[in-house]
Amino acid sequence: MKKLILLSLFMTSQMAFSYEPDWSRNTQIKPGDNRENIYNLSEEEFQEITQEGYKHALVYPVTVSGLFIPYEPMVNFFKEKDNNLMKLILSKIGEKTTGIDSVESLYQWLGLNKYNDEDAIGIYRIPYPEGYKPDYYMGASIVETKWGKGLTFSCATCHSANLFGTSVMGLTNKVVKANRLFDMAKKFVPFVPPKMFQNLTGATDEEVEMLLRTKQNLKSVGVVKPQVLGLDTSLPQVALSLARRGKDEYASKSKFYQTFPRQNILSHEVADSKPAVWWNLKYKTRWLSDGSIVAGNPIFTNFLWNELGRGTDLRELEQWMKDSQDTIRELTAAAFSTKPPAWTDFFPADSINLAAAKRGEQIFKNRCQKCHGQYTKAWSTPNAEELSQVDILKTVNVKYHKVTPVKDVGTDPGRYEGTKAFASALNELKISKWMKTVVEPQKGYVPPPLDGIWSRYPYLHNNSIPTLCDLMTPPNKRTKTFYQIPAESKTEDFDSECVGFRLEIRFLRKDA
Amino acid sequence: MCRFPVGNKVPKKRRLKEAFFNTSKKGLRNTGHYRRIFTDKNGNELLTKENKKDLIMFLKTL
């Protein structure tokens, strides 16, 4: 039976990808259309393939990835309280405690989210990689490698989030600490003595080899800590990691550059940004917050960038990519198919004042639409009167731009300026040329489509605006400081009037 | 009017140093996206508070 399913899946994917989307810089999207079904799959194929793709987003498929943590030894390590290795780690990272004393607490520290329950429906039905609800968290990936089970982290680490107790695929993780994990690893992994590690954890010789390989690869990883929780430094990590490798087209490992990395402004300039939501991909023709990836499948590009940040050998990666094109296509299909959470999935429909929303729509048309796109609401359709209170609030069509624009509206320039620090080094890689990725620095940011915008706080590419009220406040009167907290409780952690974090100042209130 | 500290409503255990967002830091500035969006080219406000409330109500439905 299982064989049959596998066979049929194999056949679907063989036939499914007969169509290759236009990833060139000349591609255009007809206004009103979108690329939710980017491979033009049949309904049945679409269901199957996006489910498979989700699983790759959840459990990292790259078997040649540079950094694996030997999994079983780690489990054993946590069983031994107060061991010498822990003391060594703490002394190297300069902390009294990490608060991490089990695999689960590592996942929690990292900001990973739990898989939703079996009864979840619609966009909240996130597939279970092994068919039953995992005991690990979303993004955590226990990969079978030739050295044994290795722990690493997949796309869902940053691209899924907890929204008031429900995990949402494609939503920006507001509290992820991926870059901090790299930073921590850089500080102690090089000092872990293999013998001590093996004696303490019962690691096999292969698992020790995995550790040594990780140690080795970490040397070509350059890290910077994000300025604040919720922001990510993966892009600087790519730039600083490239600066530690050779200048050839495979950015080969180089002892020299590992010791003397080339100067790069991102070692001190700030270019932090938040992980983007995935459900905007279907409307876009260029990628990243600054629209700087102007050609190439952005999922391929993200694999490359993730792997540069993990010190992976690019010849091995290229081979993996060539062998795993369907895996990448499945993930592409899934990412493009994601959908935003609706307000009414979390709050009663009567919390929306329809008359006010309709007035707001007119203001949006006058002031916002030219950059952010046009949203046709169900309440404007001919059969609106027959619709339920929930359905009438839905968006039935989005007209975004034919070609994704970039605009400078005076927001912080750090992130877009940062692109200059690595664009050419990336474009020159053999693997970039093979996958036809082109990165071009821009001046400004993409005005993103606003689907599910209520859930995407804090706002702007750098999270600097905590609520929609604040966005509508003159810059010199905006909130200057706030705490980046997770979205656990919709009453305690969320201001449903201003939409975003609960703050003291609310300009729409009488006291403002 | 009280301007600082904001986030008073945040319980102590969540007021982590690493979670403190300070918009005066490099790269974290909260400037822009106002002039000629909420104002005309001379800086005159185009929307009333009521207009903005309505706009937020609309944005909630997207």
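Treat the numbers as computed from the prediction; the structure is a model and nothing was measured.

Could you give an account of the pattern of salt bridges, with specific residues and numbers?
Under the counting rule described, the total for this entry stands at 21 salt bridges over all chains. Residue A:Glu318 pairs with A:Lys322 through a salt bridge whose shortest N-O separation is 4.0 Å. One end of the pair is A:Glu318 and the other is A:Lys322, both in helix 13 (residues 314-323) and four residues apart, which spans about a single turn. The buried category is assigned to A:Glu318, whose relative accessible area is 8%. Of the charged contacts, one joins B:Glu45 and B:Lys52 as a salt bridge, the two residues approaching to 3.5 Å between their closest N and O atoms. The partly exposed category is assigned to B:Glu45, whose relative accessible area is 42%. What makes B:Lys52 buried here is its relative accessible area of 5%. Through salt bridges that share partners, A:Glu20, A:Asp326 and A:Arg329 make up one connected network.

For the sheet that holds strand 1 (residues 69-70) of chain A, give the residues involved together with the corresponding values.
Residue and element names in this part refer to chain A. Pairing within the open sheet is antiparallel, and its three strands lie in the order 1-3-2. Edge positions in the sheet fall to strand 1 and strand 2 (140-145), since each has one partner strand and no second. In this sheet, strand 3 (residues 148-153) lies alongside strand 1 in antiparallel orientation, the contact comprising two bridges. Paired with Pro70 across the strands is Gly150, a residue of strand 3.

Give me the side chain of A:Thr50: which residues, what numbers.
Residue and element names in this part refer to chain A. On the secondary structure map, Thr50 appears in helix 2 (residues 43-58). With a relative accessible area of 5%, Thr50 lands in the buried category. Reaching out from Thr50, the side chain makes a polar contact with the backbone oxygen of Phe46 at a distance of 2.6 Å. If sequence neighbours within four positions are ignored, Thr50 has contacts with Glu45, Ala333, Ala334 and Ser337.

Give me the lowdown on the environment of A:Lys274, citing residues and values where you can.
Residue and element names in this part refer to chain A. Examined against the element boundaries, Lys274 turns out to sit in the loop between helix 11 (255-259) and strand 6 (293-295). The class for Lys274 is buried, based on a relative accessible area of 19%. Put simply, Lys274 and Tyr400 are 126 residues apart on the chain and 22 Å apart in space, counted from C-alpha to C-alpha. Discounting residues that sit within four places of it in the chain, Lys274 has contacts with Thr172, Gly230, Leu231, Arg456, Pro458, Tyr459, Leu460, His461 and Asn463. Polar contacts involving the side chain of Lys274 include one to the main-chain carbonyl oxygen of Leu460, which spans 3.2 Å.

Outline the pairing of strand 5 (residues 166-169) of chain A, supporting the account with residue identities and numerical values.
Residues and elements named next belong to chain A. As judged from the four bridges shared by strand 4 (residues 160-163) and strand 5, these two strands associate in the antiparallel manner. When the sheet's bridge partners are listed, Leu163 is paired in strand 5 with Thr166. Counted between consecutive antiparallel strands, the loop separating strand 4 from strand 5 contains two residues, among which Phe164 sits at a positive phi close to 50°.

Procedures and definitions
- The written sequence of each chain sets the order in which its residues are numbered from 1.
- Key to labels: chains lettered from A, ligands numbered from 1, both in the order written.
- The predicted origin of the model limits local features to residues at a pLDDT of at least 70 and limits the giving and counting of side-chain atom pairs to 80 or more, whereas totals for whole chains, interfaces and linings rest on all residues.
- Excluded from the side-chain calculation are hydrogens and water; included are all heavy atoms of the structure.
- We define a salt bridge as a contact between a side-chain nitrogen of Lys or Arg and a carboxyl oxygen of Asp or Glu at a distance within 4 Å.
- Each helix is a run of H or I in the DSSP string that is no shorter than four residues. Each strand is a run of E no shorter than two, and both are numbered from the N terminus.
- Relative accessible area decides the class of each residue, using a 1.4 Å probe on protein chains only: under 20% of the type maximum gives buried, over 50% gives exposed, and in between gives partly exposed.
- Whether two strands pair depends on DSSP finding at least two bridges between them.
- Side-chain atoms alone can form a polar contact between residues adjacent in sequence; in general such a contact is a pair of N or O atoms within 3.5 Å, and within protein one must be able to donate a hydrogen while the other accepts it.
- Any two residues whose heavy atoms approach within 4.5 Å at even a single point are treated as in contact.

Scope: geometric values only; no functional claims are made or implied.
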